[in-house]
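# Structural overview
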Amino acid sequence: MAQADKMQVALEKLVDELMKDQPSRQLVKQLTNELGMPYSLDPMTQINTVLQSMNTVYLRSNRRKDLEG
């Protein structure tokens, strides 16, 4: 699995966890650490950081597919 694919899967797991009523802080910390992004106790700040990262990953992935196709 390519690095971008692993990052995409981890980001999706992180978003799923953050969308829960009571997200696991430990899991959120673990995933943000794996992804190399800052962890925040504030849920809005954390989801904003994650969504910005997802946007970057998906844009790069789509751009690469366009260039290959």
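Structure shown above.
Rules and cut-offs
- Residues numbered from 1 in each chain as written.
- Predicted model: local features only at pLDDT ≥ 70, side-chain atom pairs only at ≥ 80, totals over all residues.
- Heavy atoms only, no water.
- Helix = DSSP H or I, 4+ residues; strand = E, 2+ residues; numbered from the N terminus.
- Contact = heavy atoms within 4.5 Å.
- 1 Å grid on protein atoms, 1.4 Å probe; cavity = no way out; pocket = protein on both sides within 12 Å on 5 of 7 lines; lining within 4 Å.
- Points joined across faces, edges and corners; volume = space filled by probe spheres on them.
- Nonpolar A, V, L, I, M, F, W, Y, C, P; charged D, E, K, R; others polar.
- Buried < 20%, exposed > 50% of the residue type's maximum accessible area, 1.4 Å probe, protein only.
- Salt bridge = Lys/Arg side-chain N within 4 Å of Asp/Glu carboxyl O.

### Some details on the side chain of S40
Mapped onto the secondary structure, S40 falls in the loop between helix 2 (25-35) and helix 3 (43-68). With residues near it in sequence (within four places) discarded, S40 still touches T45 and Q46.

### A word on the layout of surface pockets
Here the largest pocket is characterised by a volume of approximately 150 Å³. In this structure, the largest pocket is lined by L18, P23, S24, R25, V28, Y39, S40, L41, P43 and Q46. When contributions to the lining of the largest pocket are tallied by element, the ones reaching two or more residues are helix 2 and helix 3. Its residues assigned to classes, the lining of the largest pocket shows six nonpolar, three polar and one charged.

### Here we look at the environment of V50
In this fold, V50 is placed in helix 3. Assessed through its relative accessible area of 0%, V50 is described here as buried. A C-alpha to C-alpha distance of 9.2 Å links V50 and E12, two positions 38 residues apart in sequence.

### Considerations on the pattern of salt bridges
Two side chains carrying opposite charge are able to pair once their charged atoms lie near each other. Taken as a whole, this structure holds one salt bridge when the rule is applied. A salt bridge links K20 to E17; the nearest nitrogen and oxygen atoms lie 2.9 Å apart. Here K20 falls in the partly exposed class, since its relative accessible area comes to 47%.

Read these as geometric descriptors, not functional statements.
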